[in-house]
Structures are given as C-alpha cells and as structure tokens.
Amino acid sequence: MYIEHLGVTTNFLFGAYDYHTNFGFMIGETPVTIGFAWLLVIGCSHEMARGMTKGMKGITKWVSFIAAGSLVTVTMDLILDPVSYIIKHYWEWENEGVYYGIPLSNFIGWFLLASLFHTTGSLLLSKHACNSSWERRMGLTFGLINGMFILIAITGELFWAAILTAGLSVMWYFIYHWRVKKYA
C-alpha cells in the first residue's frame, strides 16, 4: 500500500492519477482495498509463474519465473484498469494514454513492481514446500478474477480489453497446465 500511496502522491511508477472517494475507506489518498488487491494479484500471478516454470533449473528458471509472473500480473491489469477507470470510475488519469486512456507508464510500472514482488517472493519462498490444493486454488482464482472483469468489460462495451485479456489468459493457462502436468 505504501508504494501505491507513493504513486498517487508523486506519480512514481504508474503515472499521474487520483482516486475518487467512491473507492472506499482511504488512508491518506490511497484506498485500503488497493493493498489487498495487490496481494491477490501477486499471489495469483506467483502461482501461475511457478507452474509455468516447473521443470526448469537454475538461472533460466529464476529469470523465466520473474518474467512470467510479471507478464501475468500485467495481463490482469489489462482488464482491471479499464474496468476500474472507465466503468467503475475509481480513479482519474491526468494524462491519458492509448489503451482506454491509460498511460503506458502504468503498465511499465506494474511490470517493474511485479518483478520486484516476484523476485522477493522467489527468494523468500524458494525453500518452502507448497500445498498442491492451495496452488490449484490460486491458479483457479487467476481465471475467476479475470473472468469476472472480462464479463464486466463486455457489459461495459470494453470489447478489446475483454478479447485481449481472455486471449492472454487462455495462453497463460495453457502453458501453466501443460508444464504442471508434464512435470508432475
């Protein structure tokens, strides 16, 4: 949540934006729910990256894990941001970009921050055994979250965001399930 607050107050990472008060309880200028949303997004993308890099070794696995986790995170943002900005009006961008008015700096910021979170997570959690039912749930949650936002996008006529996110999500799921099954 601190990084999000830093982003709102200094335009660091994501670009210039302000949250509307209809986003719920806020600490300073940042909704508390944003911190929980980041935990959910990173948890889901972390599991997707773990499965997508199963069977890899050494530096190749580590670099692939960070890249996959960050790309999956940005995939989620490709649907979260248009829905939250255009349909729900949770925030306002000061400088509009080409993707539904969202600046490119936002997606670059998401990628960089996700890379930091996935790097930290991989270093802290690399020695811990995972519970396979928990892993499956996080993988499923990725699809359910994207599915919910895709449906909202369709009802709000954000068809390109829905198609792009659905296509990328299917691709990530295919890679995830193929590698998990292959290296089970």
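Values in this document were obtained by computation on a predicted structure and should not be read as measured data.

Asker: Which residues make up the overall build of the protein chain, and what are the values?
Answerer: In terms of regular secondary structure, the protein chain is built from six helices and four strands. Secondary structure of the protein chain in N-to-C order comes out as α-β-β-β-α-α-β-α-α-α. Burial status across the protein chain gives 43% buried among its 184 residues. Considering only residue pairs separated by 6 or more positions, the protein chain has 71% of its internal contacts joining residues 24 or more positions apart.

Asker: Before we move on, could you go through unusual backbone geometry and cite the residues and values that matter?
Answerer: Backbone geometry places Tyr100, a non-glycine residue, at a positive phi of 55°. If you trace the backbone, Tyr100 turns up in the loop between β4 (91–93) and α4 (104–125). A positive phi is found at Glu157, a non-glycine position, where the angle reads about 65°. When you line up the elements, Glu157 lands in the loop between α5 (132–155) and α6 (159–182). For Glu157, a relative accessible area of 59% corresponds to the exposed category.

Asker: Describe the packing of aromatic side chains, with residues and values.
Answerer: Summed over all chains, the structure comprises five aromatic pairs. Taking the centre distance of 5.7 Å and the plane angle of 75° together, the rings of Trp38 and Phe117 count as edge-to-face. Here Phe117 lies in helix α4 and Trp38 lies in helix α2 (residues 32–52), a separation of 79 residues in the sequence. Aromatic rings pair up to connect Trp38, Trp110 and Phe117 into one cluster.

Asker: Residue-level account of the environment of Asp81, with values.
Answerer: Note that Asp81 resides in helix α3 (residues 58–87). Between the C-alpha atom of Asp81 and that of Tyr99, which follows or precedes it by 18 residues, the distance is 9.7 Å. When neighbours within four sequence positions are excluded, Asp81 is seen to be in contact with Ile86, Trp91, Trp93, Ile102, Asn106 and Trp110.

Asker: For the side chain of Asn146, give the residues involved together with the corresponding values.
Answerer: Assignment of secondary structure puts Asn146 in helix α5. With a relative accessible area of 1%, Asn146 lands in the buried category.

Asker: Can you break down the nonpolar core residue by residue, with the values?
Answerer: Of all hydrophobic cores here, the largest spans 43 residues; its most connected members are Met48 and Phe142. The set of elements that each furnish at least two residues to this core consists of β1 (17–19), α2, α3, β4, α4, α5 and α6. Take this core: its biggest share by element is eleven residues, from α3. Those residues within four positions of Phe142 in sequence are excluded, and the remaining contacts are Cys44, Met48, Val72, Met76, Ser169, Trp172 and Tyr173.

Asker: Explain the environment of Cys44 to me, and be specific about the residues and the numbers.
Answerer: Mapped onto the elements, Cys44 comes out in helix α2. Cys44 sits in the buried class, given a relative accessible area of 0%. Taking C-alpha positions, Cys44 is 8.9 Å from Arg137, a pair spaced 93 residues apart along the chain. In this structure, Cys44 is in contact with Met76, Met138, Thr141, Phe142 and Ile145, ignoring residues within four places of it in sequence.

Each value, and the rule that gives it
- Here, residues in each chain are numbered from 1, in the same order as that chain's written sequence.
- Thresholds applied to this predicted model are a pLDDT of at least 70 for local features of residues and 80 or more for the giving and counting of side-chain atom pairs; totals over whole chains, interfaces and linings are not thresholded and use all residues.
- In computing side-chain properties, one takes all heavy atoms of the structure into account and sets aside hydrogens as well as water.
- Under the scheme used here, helices are H or I runs from DSSP no shorter than 4 residues and strands are E runs no shorter than 2 residues, and both carry numbers assigned from the N terminus.
- Each residue is placed in one exposure class: buried if its accessible area under a 1.4 Å probe, protein chains only, is under 20% of its type's maximum, exposed if it is over 50%, and partly exposed if it falls in between.
- What makes two residues a contact is simply this: any of their non-hydrogen atoms within 4.5 Å.
- Each Phe, Tyr or Trp ring (for Trp, its six-membered ring) is paired with any other whose centre lies within 6.5 Å, and the angle between the two planes then decides the class: stacked below 30 degrees, edge-to-face above 60, tilted in between.
- By nonpolar core is meant a set of buried Ala, Val, Leu, Ile, Met, Phe, Trp, Tyr and Cys residues that side-chain atoms within 4.5 Å join together.

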